[in-house]
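Listed below are the residues making up each chain.
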Amino acid sequence: MPRPDHMTGPPNGDRREDEPRAATARGTAPHGPEDAPAASGPPAPGRASPSERDRRELVSLMTSRVRDVYLRKPFFVDGATDLVSLCRDLSARRLSEAVVRDAGRIGIFTTTDLRDALTRDTPPAALTVREVATFEPWCISPDAELFEALILMLRHRIHRLLVREGGGRATGADGIVGVLGQLDLMAFVANHSHLIALEAAHAGSLDELKAAARQIDSMVAVLSADGVRVEVIAALVGELNRQVFRRLWELLAPEELRAKSCLVIMGSEGRGEQIIKTDQDNGLLLADGFAFAGLDDITARFTAALIDFGYPPCPGGVMLSRPTWCQPLSAFKETLKDWIHGGAQDGPMNLAIFLDAVAVAGDPSLLAAARGHVDFLMMGDHGYFARFAQAVERFGESGSWWSRLPGLTGRGAAEVDLKKLGIFPLVHGVRALALEHRITALGTADRLAALVAAGHMDEGFARDLTDALRLFMGMKLASNLRQIAEGRAPGNALRLADLGTLDRQALKEALAIVRGFKQWLSRHYRFDTL
């Protein structure tokens, strides 16, 4: 999810403020996916569901705005102030941060900066705050929704945000109204005892991390029942899942391996559009020339642990425990070339999955290099764009999109495959357009917004497609929650009997929008000439 206008900051964030503490995996995991216990699904209703207090706390988090929370008044200091004097002032005011003014720049000084300063050879009294502060820190508007502040803290692993009227980068002191600390945010929601992100970030063993991951589906059920928008749920779940994946990799992979590799997630998880755990799509890119003894064992344990946490294995094998999805950068570039120009049957679909990749841990430049190589290979190849987009016609409407449940007749027997009929053609069509126009956004709604901004799509049409996608996601979520309650595995099938009259009409209109989009793509890429 790209940063909205009211959420800004430095390109790499203030990562120093919440560095993961060193930890060793004290739990154990099976050595391969085949040895892993079957995923048992989310907690049964009524057994591990949050209490009513927890429900109120979650809804408070999802419906409040930043200005509703207690904001500490900013304590401004000059960049020339020495550290000893500053720490004396902070102690007198019982503060843990200061906002730094320095020749028109704005920065923030925290206790983490003090820790780093104490490791230098220069005495603290001889250091000025400008030498250790973080400049252009992350900011958020007081009108932003509170969950956005939480997501920003999770994504960039920071403990506080500057609150600034109107958003905008913190290059000057104008408009700064306060500091939002993570503890203040938590206090606003009554110190929510099931804050999954904190449990995941500080998990010291696989068992502790599993306990955090297993709470996500229960949280989803609470938010859905209270009417929280599906895109909000998806954004929060996406960030929580990334926390789980990142911490799992930290527990299993030594520092040397983490520094020379890039852990990525792909598909709907990479786009931030997966809510209920239906599968796992992940991979590992390695720096060229780097070899690590025991890598196969570590990747197998990673896959097995995720299965144990409730993330089912990918039916197509898109997991870092498979050789295709765990390669050095140069070898993976050759794989990309084969997918694009080699004529492999599964090449286009593998490429589609990779195009939704986002870095979770390690060196993100490895992913950037691989993604840039795709654009290089595609340069001027308009025929491939058309063939790639034509996959939207793979699933027709003459029998392949619906089935009848055994033992039932009439409307009660019919079910539709939401992914085949609605989600896939919409998502893939937008993905093809993003590939053609070199749009880097990952989420489907974000890609549509970028297409509109670049003049490649009408705003009204993009809005209709976004609304249709969110309707499909909402219906799929509701269906998945019903399937789980009935003891069934969550999937893409939607029983028409579960829909009321208005929902059936809305589904009909959304599917009509998708049909119109497929016709638009057919004209744009001239499918009739392929």
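Everything below is about the structure shown above.
Reading the values: rules and limits
Residues numbered from 1 in each chain as written. Predicted model: local features only at pLDDT ≥ 70, side-chain atom pairs only at ≥ 80, totals over all residues. Heavy atoms only, no water. Patch = residues over 30% accessible without salt bridge, like charges linked within 9 Å, V, L, I, M, F, W, Y side chains within 5 Å. Areas by Shrake-Rupley, 256 points an atom, 1.4 Å probe, with all protein chains shown as cover. Salt bridge = Lys/Arg side-chain N within 4 Å of Asp/Glu carboxyl O. Lys, Arg positive; Asp, Glu negative; His and termini not counted. Charge placed at Lys NZ, Arg CZ, Asp CG, Glu CD. Helix = DSSP H or I, 4+ residues; strand = E, 2+ residues; numbered from the N terminus. Buried < 20%, exposed > 50% of the residue type's maximum accessible area, 1.4 Å probe, protein only. Contact = heavy atoms within 4.5 Å. Polar contact = N/O pair within 3.5 Å; in protein donor to acceptor, adjacent residues only side chain to side chain. Arc of directions from axis to C-beta.

Enquirer: Just to check I follow, could you spell out a negative patch on the surface for this structure?
Expert: A cluster of acidic side chains, namely D458, E459, D464 and D467, defines a negative patch on the protein surface. Tracing the sequence through the fold places D458 in the loop between helix 18 (444-453) and helix 19 (459-485). For D458, a relative accessible area of 54% translates into the label exposed.

Enquirer: How should I be thinking about the environment of Q483 in this particular structure?
Expert: By secondary structure assignment, the location of Q483 is in helix 19. Residue classification places Q483 among the buried residues on the basis of a relative accessible area of 4%. Residues Q483 and L494, spaced eleven residues apart in sequence, show a C-alpha to C-alpha distance of 9.6 Å. If near-sequence neighbours (up to four positions away) are discounted, Q483 is found in contact with R488, A489, P490, G491 and A493. Engagement of the side chain of Q483 in a polar contact is seen with the side chain of N480, the distance being 3.0 Å.

Enquirer: Before we go on, may I ask you to explain the side chain of N241 in this structure?
Expert: Summarising the element assignment, N241 is placed in helix 9 (residues 230-252). Assessed through its relative accessible area of 1%, N241 is described here as buried. Once you skip the residues sitting within four places of it in the chain, N241 turns out to touch I216, E269 and Y311.

Enquirer: Just to check I follow, could you spell out helix 3 (residues 111-118) for this structure?
Expert: Turn by turn, an α-helix covers 3.6 residues, leaving residues three or four places apart pointing in a common direction. Among the residues of helix 3, T112, D113 and A117 are the ones counted as buried. One face of helix 3 carries all of its buried residues, which in axial projection span an arc of 140 degrees. Looking at the buried residues of helix 3, the elements they touch are helix 2 (83-93), strand 4 (105-110) and strand 5 (134-135).

Enquirer: Explanation requested: the environment of F309 in the structure shown.
Expert: Along the chain, the position of F309 falls in helix 12 (residues 295-309). Looking at F309, the relative accessible area reads 1%, which means it is buried. For F309 and K210, which are 99 residues apart along the polypeptide, the C-alpha to C-alpha distance reads 5.1 Å.

So far we have only geometry, and geometry alone does not tell us how the molecule works.
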